[in-house]
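Topology and contacts: notes
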Amino acid sequence: EEVIICPDNLYVKKRMIDINGPCYEIAHTSQFEGERTFIATQKELMSTESFRSVMNSNDVLVTPSTQKDIMDYIASWIIKLKPEGPPIRVKSQFGWTEDGKSFVVGDKEIFANRIEHNPAGSRTAQYISMFDQKGTLEEWKNLAKFYNKPGFEQHQYMFALSFGSPLMEFMSGISGCIYNLNSPETGIGKTTGMWGGASVWGNHKKIVLVGKDTPNYAWNRAEVLKNLPLYIDEVSNFKPQDASDFCYAISDGVQKNRMSNKGENAERYRGEPWALNSGTTGNSSLTETAGSYRASPKGESGRVVSHTATKLLAGAKDTLEANDLNDQLAQNYGHAGPIFMQHVLKNKAAVRQLTLDTRTALVKELNAEPSERFWIAQAATAYAGTAIAVEIGLLDWDLDRLWKWIIKTIK
């Protein structure tokens, strides 16, 4: 007798191992949605308490009367897959892999001569769709020209953090630095460069965090991104202590130690240290907010390049141009990053040397002190990354103008 226990086609595609142990990519297809997949750990699939929850939360209908049969069915798949070969080792973070052999962005593992599929794991599954591609590279190049105008260096630098972030790995002893573009005025385009920078790797609407997200959430995101840029809009919502902790956390490169949120008497998992650039906006200076917590926030100030935004767009013509930019950003993204990283991987020694030479040039021109090392590292990576993007034809920007702005701003 044939009995339907699940209205959709349901099957297990991959057996994997990640930080939470064995996990599986489960697919289900239906008439209107087509194939959809999700990740579930073996522990979740073999527990009567969690099985129905994980299935129903991913739109696989499991009722009390069908749960046992569907659990047995999934277990049969697991038994079938085990002897077919070793499990796939899943990466729990994006960015550089061990020994710098490749670079992971969403579902892509980028090598110097190829791009392979990177399967989602239990920690990365929710972020994979952020790094999709849409539109065309040529349209993206055209929208990037919007930023190449005199006075727009404050936005160029925010954008440039995106290309510079993977190069922070070459700055030994430096895990990160923050660029804070702030102004009490609204409608002056503080977020413009941030959206452009995020579009290098994927969908800016998903990649850019907003200030109402908690600092803990920002640290979790930084850990998963690892070497990709961390953008946060409106950090003026941070409380003074949170602002201070955030400044130190980005430069520390590791999560603060916390207990697991799963009701276990164990420390929360912490991944490999990050090394990245962070861009933020706000109605007030991030270091001024931190100053409400500390009488003398010198440590925070040394970790933040702070700049007061100036209004650059006015009138109907500029407004329409800005609206068109936003429309284009929503339709074209995710193409430049993989091309940039393939060039970096093919020429890693030369790129590393360019980044270090840029740092040396900045130190000499600024007569910089050791306490200014975070500013120098961020500026060196941002400028070197932009120079590479110009060299390989991704950007068409005036590098001399950007360099002069960097020198003036850091001074």
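Each remark here, short or long, concerns the structure printed above.
These remarks concern the structure in this document.

Pairing within the open sheet is antiparallel, and its four strands lie in the order S5-S6-S7-S8. The open sheet has two edge strands, strand S5 (95–96) and strand S8 (115–117), and neither has a second partner. Judged from the three bridges that link them, strand S7 (residues 108–110) and S8 form a sheet pairing that is antiparallel. Within S8, the residue paired with Ile 110 across the bridge is Ile 115.

Going residue by residue along strand S11 (residues 230–233), you find Leu 230 and Ile 232 tucked away on one face and Tyr 231 and Asp 233 tucked away on the opposite face as well. For strand S10 (residues 209–210) and S11, the ladder comprises two bridges, and the chain directions are parallel. Bridge pairing in S11 links Leu 209 to Ile 232. Bridge count between S11 and strand S12 (residues 276–282): three bridges; the pairing is parallel. Following the sheet pairing, Ile 232 is matched in S12 by Thr 280.

Moving on to the pairing of strand S9 (residues 176–182). Across the seven residues that make up S9, a large majority, seven, are buried. What you see with S9 is no split at all: Gly 176, Ile 178, Asn 180 and Asn 182 on one side and Cys 177, Tyr 179 and Leu 181 on the other are buried throughout. Bridge count for S9 against S12 is seven bridges, and the pairing is parallel. Bridging from a neighbouring strand, Asn 182 pairs with Gly 282 of S12.

Moving on to the sheet that holds strand S2 (residues 21–30). By definition, the strands of a sheet pair up through backbone hydrogen bonds, in either a parallel or an antiparallel sense. The strand order S3-S2-S1-S4 describes an open sheet built from four strands, whose pairing is mixed. Every interior strand has two partners, whereas the edge strands, strand S3 (34–41) and strand S4 (88–89), have only one. In terms of strand pairing, strand S1 (residues 9–18) meets S2 through nine bridges, oriented antiparallel. Residue Leu 10 lies in a different strand from S2, and its bridge partner there is His 28. Contacting S1 and S2, helix H3 (residues 67–81) runs over the sheet at an angle of about 50 degrees to S1.

Bringing the packing of aromatic side chains into the picture now. Each aromatic ring pair is specified by the distance between its two centres and by the angle formed by the two planes. Counted by the stated rule, this structure contains 17 aromatic pairs. On the basis of an interplanar angle of 90 degrees and a centroid distance of 5.4 Å, the ring pair of Trp 96 and Phe 103 is categorised as edge-to-face. A residue is classified by how much of its surface remains accessible, and Trp 96, at 6% relative accessible area, is buried. Geometrically, the ring pair formed by Trp 96 and Phe 170 is tilted, given 6.1 Å between the ring centres and 55 degrees between the ring planes. Of this pair, Trp 96 sits in strand S5 while Phe 170 is found in the loop between helix H5 (153–164) and S9, placing the two residues 74 residues apart along the sequence. Taken together, Trp 140, Phe 146, Tyr 147, Phe 152, Phe 159, Phe 163, Phe 340 and Trp 397 form an aromatic cluster joined through their ring pairs.

Another point: the pattern of salt bridges. Summed over all chains, the structure comprises 14 salt bridges. When the shortest N-O distance is used, the salt bridge between Glu 116 and Arg 114 registers 2.7 Å. On the basis of relative accessible area, Glu 116 is assigned to the partly exposed category, the value being 34%. Here Lys 149 makes a salt bridge to Glu 321, at a shortest N to O gap of 2.8 Å. Note that Lys 149 is positioned in the loop between helix H4 (137–144) and H5 and Glu 321 in helix H12 (residues 315–331), a separation of 172 residues in sequence. Lys 149 gets classed as partly exposed once you look at its relative accessible area, which sits at 22%. Put simply, Glu 33, Arg 36 and Asp 59 are held in one network by salt bridges that share partners.

Here we come to the environment of Ser 162. As for its position among the elements, Ser 162 is in helix H5. Each C-alpha atom, one on Ser 162 and one on Trp 201, is 8.2 Å from the other, the two residues being 39 residues apart in sequence. Filtering out sequence-adjacent residues up to four positions away, Ser 162 remains in contact with Gly 197, Val 200, Trp 201, Pro 229 and Tyr 231.

Conventions and cut-offs
- Residues numbered from 1 in each chain as written.
- Predicted model: local features only at pLDDT ≥ 70, side-chain atom pairs only at ≥ 80, totals over all residues.
- Heavy atoms only, no water.
- Pairing = 2+ DSSP bridges.
- Helix = DSSP H or I, 4+ residues; strand = E, 2+ residues; numbered from the N terminus.
- Buried < 20%, exposed > 50% of the residue type's maximum accessible area, 1.4 Å probe, protein only.
- Contact = heavy atoms within 4.5 Å.
- Axes fitted to C-alpha atoms, helices over the stretch in contact; angles between N-to-C directions.
- Phe/Tyr/Trp six-rings, centres within 6.5 Å; stacked < 30°, edge-to-face > 60°.
- Salt bridge = Lys/Arg side-chain N within 4 Å of Asp/Glu carboxyl O.

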